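Understanding the architecture of this molecule
Here is what each chain is made of, one letter per residue.
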Amino acid sequence: VQTAHQKGVKVLLKPCKVDAIDEEILPLVDTLMPNRKEIEKLVPGDASYEEKAQYFLDRGVKRVIITLGHRGCYLRDHEHSLYFPAAKVTPVDTTGAGDAFAATLACYLADGWDIVQAIRYATVAAGLSTTRQGVPNSLVDNESIALFMAQEKNASTEP
């Protein structure tokens, strides 16, 4: 994290299998992206997702995205406090959906996309990844994401 920050590289931290994060690196993190189980370990107690995300913003993290599985995700930063629904799909295997979300988000952000649009695409990528068995086979490309989003848009505008 420190090296990436020193080199001007944006830091997206996915805290897998940890009970705590070293507080000194939090101000260096651009996007913290725990899932619902990880956020419960990092900030135990009855606080809402909004409050748990704010905990990290108060310690210098610039943006928090909590992935919520079939319930989508939650974004909190200094400009947004938004829930995003999950893509409407019939899941076959959810293994790797979080990785599909993170990879897609990182790619779209690296391309300069707005965080809200990047999350919408990442949510679709995560959803589509659950429609196939196994992780390697489930990863989707930009064309698949765009096609799904176009179909969803057309379905929502039909009478």
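Residues numbered from 1 in each chain as written. Predicted model: local features only at pLDDT ≥ 70, side-chain atom pairs only at ≥ 80, totals over all residues. Heavy atoms only, no water.

Thoughts on the overall build of the protein
Scanning the protein from N- to C-terminus turns up seven helices and five strands. Sequence-ordered secondary structure for the protein, helices as α and strands as β, is α-β-β-α-α-β-β-β-α-α-α-α. Here the protein has a C-alpha radius of gyration of 16 Å; the compact-globule value for 159 residues is 15 Å, and the two agree. For the protein, the spread of C-alpha atoms along the principal axes amounts to about 50 × 35 × 35 Å. Of all 159 residues assigned to the protein, the portion counted as buried reaches 40%. Counting contacts in the protein only where the partners sit at least 6 residues apart, residues at least 24 apart contribute 49% of the total. Carbon and sulfur atoms provide 52% of the accessible area of the protein, an area that totals close to 9100 Å². Averaging the locations of the 17 positively and 21 negatively charged side chains of the protein gives two centres separated by 2 Å. (Helix = DSSP H or I, 4+ residues; strand = E, 2+ residues; numbered from the N terminus. Rg over C-alpha atoms; globule rule 2.2 N^0.38 Å. Buried < 20%, exposed > 50% of the residue type's maximum accessible area, 1.4 Å probe, protein only. Contact = heavy atoms within 4.5 Å. Areas by Shrake-Rupley, 256 points an atom, 1.4 Å probe, with all protein chains shown as cover. Lys, Arg positive; Asp, Glu negative; His and termini not counted. Charge placed at Lys NZ, Arg CZ, Asp CG, Glu CD.)

So, the sheet that holds strand β5 (residues 81–84)
Backbone-to-backbone hydrogen bonds join strands into a sheet, with any given pair of strands oriented parallel or antiparallel. Spatial strand order, β1-β2-β3-β4-β5: five strands in an open sheet with mixed pairing. Across the chains shown, the open sheet's two edge strands, defined by having one partner strand only, are β1 (12–13) and β5. Here strand β2 (residues 31–32) pairs with strand β3 (residues 63–67) via two bridges, running parallel. The residue of β3 that forms the bridge with L32 is V64. Here helix α4 (residues 97–110) sits on the sheet and contacts β1, β3 and β4 (73–77); the angle it forms with β3, its principal contact strand, is near 150°. (Pairing = 2+ DSSP bridges. Axes fitted to C-alpha atoms, helices over the stretch in contact; angles between N-to-C directions.)

Let's talk about the packing of α4 against helix α5 (residues 115–129)
Their axes nearest at 8 Å, the elements α4 and α5 cross at an angle of 150°. Viewed along their axes, α4 and α5 adopt a mutual orientation that is roughly antiparallel. Crossing of α4 against α5: the hand is right-handed. Contact residues: A97, A100, F101, T104, L105, Y108 and L109 in α4; I115, A118, I119, Y121, A122, T123, A125, A126 and S129 in α5. Of the residues assigned to the contact of α4 with α5, the class counts are 13 nonpolar, three polar and no charged. (Parallel < 35°, antiparallel > 145°, perpendicular 65-115°, else oblique. Left-handed = near helix turned anticlockwise from the far one by under 90°. Nonpolar A, V, L, I, M, F, W, Y, C, P; charged D, E, K, R; others polar.)

Looking at the pairing of β5
In this sheet, β5 lies alongside β4 in antiparallel orientation, the contact comprising four bridges. When the sheet's bridge partners are listed, Y74 is paired in β5 with Y83. Linking two consecutive strands that pair antiparallel, namely β4 and β5, is a turn of three residues.

As for the side chain of D77
Along the polypeptide, D77 turns up in strand β4. Of the residues examined, D77 reaches a relative accessible area of 12% and is grouped as buried. In this structure the side chain of D77 is engaged in a polar contact, spanning 2.8 Å, whose partner is the backbone nitrogen of E79. A distance of 2.6 Å separates a polar side-chain atom of D77 from the backbone nitrogen of H80. With residues near it in sequence (within four places) discarded, D77 still touches L57, K62, R63 and I115. (Polar contact = N/O pair within 3.5 Å; in protein donor to acceptor, adjacent residues only side chain to side chain.)

Just geometry here; none of it tells us what the structure is for.
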